[in-house]
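These are the residues of each chain, in order.
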Amino acid sequence: RSSSHPRTERFDSSSIASLAYDAGLQILEVEFRNGSIYQYEHVQADDYRALMSADSKGAEFNRRIRPRHPHRSV
């Protein structure tokens, strides 16, 4: 585990409840509105910044993160 503690960001997105990013491990943890939580691996800081600045977090996530990064349920 890295020494950095990812900060959880909550959203008013229709699909995403919260995001937490660990830059050291390049892991993005996504909590969906349905209660499921997934960790996406090898997520570059650029992808995280783009997701955070997107008007639609769900659309950006589906375009940039979901199809390109291995993930697992937690």
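This report concerns the structure included in the present document. Everything quoted here is computed from the prediction, not taken from an experiment. (Residues numbered from 1 in each chain as written. Predicted model: local features only at pLDDT ≥ 70, side-chain atom pairs only at ≥ 80, totals over all residues. Heavy atoms only, no water.)

1. What about the pattern of salt bridges?
Going through the model one piece at a time under the given rule, you end up with six salt bridges. Between Glu 31 and Arg 10 there is a salt bridge, and its shortest N-O distance comes to 3.4 Å. Here the residue Glu 31 occupies a position in strand E3 (residues 27-32), and Arg 10 occupies one in strand E1 (residues 8-10), the gap between them amounting to 21 residues. The exposed category is assigned to Arg 10, whose relative accessible area is 59%. Where Arg 68 meets Asp 47, a salt bridge forms, and the shortest distance between an N and an O atom there is 3.4 Å. Placement of Arg 68 in the loop between helix H2 (57-65) and strand E5 (71-73) and of Asp 47 in helix H1 (residues 45-53) is noted, with a sequence separation of 21 residues between them. (Salt bridge = Lys/Arg side-chain N within 4 Å of Asp/Glu carboxyl O. Helix = DSSP H or I, 4+ residues; strand = E, 2+ residues; numbered from the N terminus. Buried < 20%, exposed > 50% of the residue type's maximum accessible area, 1.4 Å probe, protein only.)

2. A closer look at the pairing of strand E2 (residues 16-22)
Across the seven residues that make up E2, a large majority, seven, are buried. Both E1 and E2 contribute to a ladder of three bridges, which runs antiparallel. Bridged to Arg 10 within E2 is Ser 18. Between E1 and the antiparallel strand that follows it, E2, lie five residues. As defined by bridge partners, E2 adjoins E3 across six bridges and the pair is classed as antiparallel. (Pairing = 2+ DSSP bridges.)

3. As for the packing of aromatic side chains
Using the criterion set out here, one finds four aromatic pairs in the structure. Pairing Tyr 21 with Tyr 48 gives two aromatic rings, centres 4.5 Å apart and planes at 15°, and the pair type is stacked. One end of the pair, Tyr 21, is in strand E2; the other, Tyr 48, is in helix H1, with 27 residues separating them in the sequence. By relative accessible area, Tyr 21 is classed as buried at 11%. Where Phe 32 meets Tyr 38, the ring centres are 6.1 Å apart and the plane angle is 70°; that geometry is what we call edge-to-face. Looking at Phe 32, the relative accessible area reads 10%, which means it is buried. (Phe/Tyr/Trp six-rings, centres within 6.5 Å; stacked < 30°, edge-to-face > 60°.)

4. So, the sheet that holds E5
Read from one edge of the open sheet, five strands run E1-E2-E3-E4-E5, paired in antiparallel fashion. Strands with a single pairing partner mark the edges of an open sheet, and in this sheet they are E1 and E5. Averaged over neighbouring strand pairs, the angle between their axes works out to 20° when direction is ignored. Where H1 meets the sheet, it contacts E1, E2 and E3, and its direction lies at approximately 150° from that of E2. (Axes fitted to C-alpha atoms, helices over the stretch in contact; angles between N-to-C directions. Contact = heavy atoms within 4.5 Å.)

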